[in-house]
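One-letter residues, chain by chain:
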Amino acid sequence: MAVNRVGVKVLAAALAVSVPVVLAACTGPSRPTSATTAAKAKAAIAATVPMITVAPTATGSRVPISVEIGTSVSNGIVSDVSLVSATGQHIPGTMRADGSSWVPSSPLQYAQRYTAVVTAIGADGKTTSATTTFTTVAKPAAKSIQAQVNLGDGQQYGVAMPIVVDFTASIPAAARADVQRRLFVNSMPAQVGAWRWISDREVVYRPRSYWKPGTVLTFTGALGGVPVGNRVLSKNVTSTATIGRDMEMTVTNSNHTMTITSNGKVIKRAPISMGKASTPSWSGRFVIMDRLYATVFDTLDMGPGGYRVAVNYAERLTWSGMFLHSAPWSVYAQGHFNVSHGCVNIGPSNAKWIYQNSLVGDPVTVTGTSKHVAAGNGWTAWDMSWTDYIKDSLVPITVSAPGTLAAGL
């Protein structure tokens, strides 16, 4: 029988047996009765036996298919969790890092009966088990909510790459903490990071500082079947990606120059032209979200002053349409004054070099313009201090350590 094993840890001193000490006195100790001796022996044995509380409770019904097997143990630690369906299917899964519950690696089936057995080991090496049986809820009639992550499986990103999860429907405030707890990030090497809700349809994860080059990121959204009002989230979402070399761009309005650094050293400078007075560029800390070798900017439907122009080497910074891109028509102004509709204009050869050497996730800082980007207009998680970023996090920050939620998920 295939059984999901949970790694056994060394028991802490708190699990040690407490043995009464009799102090000598001049009159000598009294002789304990056989009943007293038996009671003390029974108490000592009981102190070594793990006590397990399991959730959901036995005979539970209408349990969500995203259920976790809650494990609370005194006088021991969990050594094994087994979950089996009524048809005999063994469900794999992994313990949470804090040991509070065991998370199945995939959503359970609707309207199915399951039996979970939790085994714990005590300080003396002996084990005990607790069993619970429950039935999952029937499939909801309402259409499920989809989730999508911006992290492409097997892709490479820049050091500022946030992990962004978007939903096809609003997630009510009351459900967001439960949804967020089902989002797991592992990094190698381990780095501190946190989730933050940007809107009712978007939640973002970023590390405290830029990712270390070469970091391997594994994201798991164990979302399938998580209840959201009278609906559920549709399925689990997973992805593994890597962080590439460090390259950062700074665009300075005062001298109309872009400075590119890698590992703290300047590797290139390029003259630029930004938005003119009537259409200024945004200042702020941005992340390259998309890279287009060729595209067409078309604002003719936006009224007087609209335009339609083909551009090369376009890299998106905001949802409202601010890009880095090649602009051969404004080379005369680059390095001197601003003439664009809000984008960062770059000469063709410099724009080509930047395009060929940049990655989605590279950080771009723009300073000195008359307006600042609004939160959520792009991947703006870096446009605030770490202290401000974590203020509204619904779940405490975590160290995204390899193996925190491993293998099965």
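Residues numbered from 1 in each chain as written. Predicted model: local features only at pLDDT ≥ 70, side-chain atom pairs only at ≥ 80, totals over all residues. Heavy atoms only, no water.

**Quick notes on unusual backbone geometry**
Item 1. The amide bond that connects alanine 55 to the next residue, proline 56, takes the cis arrangement and shows omega of 0°.
Item 2. Among the secondary structure elements, proline 56 is positioned in the loop between strand E2 (51-55) and strand E3 (60-63).
Item 3. With an omega dihedral of 5°, the bond running from methionine 188 to proline 189 counts as a cis peptide bond.
Item 4. Mapped onto the elements, proline 189 comes out in the loop between strand E13 (183-188) and strand E14 (192-199).
Item 5. Although it is not a glycine, asparagine 75 adopts a positive phi angle of roughly 65°. (Helix = DSSP H or I, 4+ residues; strand = E, 2+ residues; numbered from the N terminus.)

**What to know about the environment of methionine 274**
Item 1. Note that methionine 274 resides in the loop between strand E22 (265-273) and strand E23 (282-287).
Item 2. Overall, methionine 274 belongs to the buried group, its relative accessible area being 0%.
Item 3. Once the C-alpha coordinates of methionine 274 and leucine 324 are considered, the two residues, 50 residues apart in sequence, prove to be 9.5 Å apart. (Buried < 20%, exposed > 50% of the residue type's maximum accessible area, 1.4 Å probe, protein only.)

**Observations concerning the environment of valine 117**
Item 1. Among the secondary structure elements, valine 117 is positioned in strand E8 (residues 113-121).
Item 2. A residue is classified by how much of its surface remains accessible, and valine 117, at 26% relative accessible area, is partly exposed.
Item 3. In this structure, valine 117 is in contact with Asp80, Val81, Ser82, Ser129, Ala130 and Thr131, ignoring residues within four places of it in sequence. (Contact = heavy atoms within 4.5 Å.)

**Thoughts on the packing of aromatic side chains**
Item 1. One pass over the structure, following the stated rule, counts twelve aromatic pairs.
Item 2. Aromatic pair tryptophan 195 and tyrosine 205: ring centres 5.1 Å apart, planes at 65°, arrangement edge-to-face. A residue pair is termed long-range when its members are at least 10 positions apart, and tryptophan 195 in strand E14 and tyrosine 205 in strand E15 (residues 202-207) qualify at ten residues.
Item 3. For tyrosine 205, a relative accessible area of 1% puts it in the buried group.
Item 4. Among the aromatic residues, those joined into a cluster by ring pairs are Trp195, Tyr205, Trp211 and Phe219.
Item 5. The cationic tip of lysine 268 hangs over the ring face of tryptophan 353; the distance from NZ or CZ to the ring centre is 5.2 Å. (Phe/Tyr/Trp six-rings, centres within 6.5 Å; stacked < 30°, edge-to-face > 60°. Lys NZ or Arg CZ within 6 Å of the ring centre and 35° of its normal.)

**What to know about the nonpolar core**
Item 1. Leu151, Phe167, Ile171, Val179, Trp195, Phe219 and Leu233 are the most contacted members of the largest nonpolar core, which has 43 residues in total.
Item 2. Beyond its immediate sequence surroundings of up to four residues, tryptophan 195 is in contact with Ile163, Val165, Gln180, Leu183, Val185, Val203, Val204, Tyr205, Phe219, Tyr389 and Ser393.
Item 3. If you look at the next biggest cluster of nonpolar residues, it comprises 21 residues, including Phe286, Leu317, Ile354 and Tyr355. (Core = buried A, V, L, I, M, F, W, Y, C linked by side-chain atoms within 4.5 Å.)

**Details of the pattern of salt bridges**
Item 1. A full pass over the atoms with the stated rule returns six salt bridges.
Item 2. Note that arginine 182 is salt-bridged to glutamate 68, the shortest N-O span being 2.7 Å. Of this pair, arginine 182 sits in the loop between helix H2 (173-180) and E13 while glutamate 68 sits in the loop between E3 and strand E4 (69-74), and the two are 114 residues apart along the sequence.
Item 3. Its relative accessible area of 19% is what places glutamate 68 among the buried residues. (Salt bridge = Lys/Arg side-chain N within 4 Å of Asp/Glu carboxyl O.)

**What about the sheet that holds strand E25 (residues 308-316)?**
Item 1. The ten strands lie next to each other as E24-E25-E26-E27-E22-E21-E20-E28-E23-E29, forming an open sheet whose pairing is mixed. Among the strands making up the open sheet, the edge pair consists of strand E24 (290-298) and strand E29 (371-372).
Item 2. The strands touched by helix H3 (residues 348-357) are strand E20 (248-252), strand E21 (257-262), E22, E24, E25, strand E26 (323-326) and strand E27 (344-346); relative to E25, the strand with the most contacts, the crossing angle is about 40°. (Pairing = 2+ DSSP bridges. Axes fitted to C-alpha atoms, helices over the stretch in contact; angles between N-to-C directions.)

**Re the sheet that holds strand E6 (residues 93-95)**
Item 1. Across the sheet, which stays open at both edges, the four strands sit in the order E2-E4-E7-E6 with antiparallel pairing between neighbours. In the strand order of this sheet, the two ends are held by E2 and E6, each with one partner. Each strand of the sheet is rotated relative to its neighbour by a mean of 20°, with strand direction disregarded.
Item 2. For E6 and strand E7 (residues 101-104), the ladder comprises three bridges, and the chain directions are antiparallel. Within E7, the residue paired with threonine 94 across the bridge is valine 103.

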